[in-house]
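Structure at a glance
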Amino acid sequence: QVYLHESGGGLVQAGGSLRLSCAASGRAFSGYIVGWFRQAPGKKREFVAAITEDDGRTWYGESVKGRFTVSRDNAENIMNLQMNRLGPEDTATYYCADDLNRTGTTWFVMSSGSWGQGTQVTVSA
């Protein structure tokens, strides 16, 4: 089983930046696509970003396009999420996951995938 651990969350003012990291231990990330989701209090979990293993293709949720950048280092089993121009609407717990798939525009984690424990991002106005 792979264990995923997020880091880099915190409190930032609107307009600021944060960089989240997700480290896989136990073994490499599972599946071809890994990514990030987030969940704000009282809201459904939302897809944020995804990236493929080999050619680094990326996908982003509409609300973060142009502001967030996902990357991965396969040699180190680390995935990063650079978040720029943050706003209060980005406040949420951010989760990394592996073995992602999608149906149409709906992203989900396969039953064989893993989730991290989450890291809190709070953006003050």
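Anything mentioned here points back to the structure above.
Residues numbered from 1 in each chain as written. Predicted model: local features only at pLDDT ≥ 70, side-chain atom pairs only at ≥ 80, totals over all residues. Heavy atoms only, no water.

1. As for the environment of asparagine 84
Cut-off, in case you're wondering: Put simply, DSSP H or I for four residues or longer makes a helix, DSSP E for two residues or longer makes a strand, and each gets a number counted from the N terminus. Residue burial is assigned from relative accessible area. The probe radius is 1.4 Å, only protein chains are included, and a residue is buried under 20% of its type maximum, exposed over 50%, and partly exposed in between. Contacts were defined at the residue level, with two residues in contact if any of their heavy atoms lie within 4.5 Å. Distance and chemistry together define a polar contact, namely a pair of N or O atoms within 3.5 Å, with one atom able to donate a hydrogen and the other to accept it when in protein, and with adjacent residues in sequence counting only for side-chain atoms on both sides.
Here asparagine 84 is to be found in the loop between strand S8 (78-83) and strand S9 (92-98). When its relative accessible area of 28% is taken as the criterion, asparagine 84 is described as partly exposed. It is 29 Å that separates the C-alpha atoms of asparagine 84 and valine 2, two residues lying 82 residues apart in sequence. With residues up to four places along the chain from it excluded, the contact list for asparagine 84 reads Gly16, Ser17, Arg67 and Phe68. At 2.9 Å, the side chain of asparagine 84 forms a polar contact with the side chain of glutamine 82.

2. A short note on the pattern of salt bridges
What counts is decided by this rule: Counted as salt bridges are all cases of a side-chain nitrogen of Lys or Arg within 4 Å of a carboxyl oxygen of Asp or Glu.
Applying the stated criterion across every chain yields a total of 5 salt bridges. The residue arginine 38 makes a salt bridge to glutamate 46 at a minimum N-O spacing of 2.8 Å. On the accessibility criterion, glutamate 46 (30% relative accessible area) is partly exposed. For arginine 57, the salt bridge is made with aspartate 55, and the minimal N-O distance between the two is 3.1 Å. Overall, the relative accessible area of 47% leaves aspartate 55 in the partly exposed class.

3. Focus: the state of the cysteines
Rules: Note that a disulfide, as used here, is simply two cysteine sulfur atoms within 2.5 Å.
Under the defined criterion, the tally for this structure stands at 1 disulfide. Between the sulfur atoms of cysteine 22 and its disulfide mate cysteine 96 the distance is 2.1 Å. For the disulfide bridge between cysteine 22 and cysteine 96, the dihedral angle about the S-S bond is near 60°, and by the sign convention the bridge is right-handed. With cysteine 22 in strand S3 (residues 18-25) and cysteine 96 in strand S9, this residue pair connects regions lying 74 residues apart in the sequence. According to the relative accessible area criterion, cysteine 96 is buried, its value standing at 0%.

4. A closer look at the packing of aromatic side chains
Test applied: Note on aromatic pairs: the rings of Phe, Tyr and Trp (six-membered ring only in Trp) are paired at centre separations within 6.5 Å, and the planes decide the class, stacked below 30 degrees, edge-to-face beyond 60, tilted for the rest.
In this structure the tally under the stated criterion is 5 aromatic pairs. Between phenylalanine 37 and tryptophan 115 the ring centres are 5.1 Å apart and the planes differ by 55°, which places this aromatic pair in the tilted class. Within this pair, whereas phenylalanine 37 is found in strand S4 (residues 33-39), its partner tryptophan 115 is found in the loop between strand S11 (106-109) and strand S12 (119-124), the two being separated by 78 residues in sequence. Classification of phenylalanine 37 as buried rests on a relative accessible area of 5%.

5. What about the pairing of strand S7 (residues 68-73)?
Convention followed: Strand pairing is assigned whenever DSSP identifies at least 2 bridges connecting the two strands.
What you see with S7 is a clean split: Phe68, Val70 and Arg72 sit on the buried side and Thr69, Ser71 and Asp73 on the side with no burial. Pairing between S7 and S8: 6 bridges, direction antiparallel. What sits directly across from aspartate 73, in S8, is isoleucine 78. Linking S7 back to S8 in an antiparallel pair, the connection comprises 4 residues, with asparagine 77 at a positive phi of about 55°.

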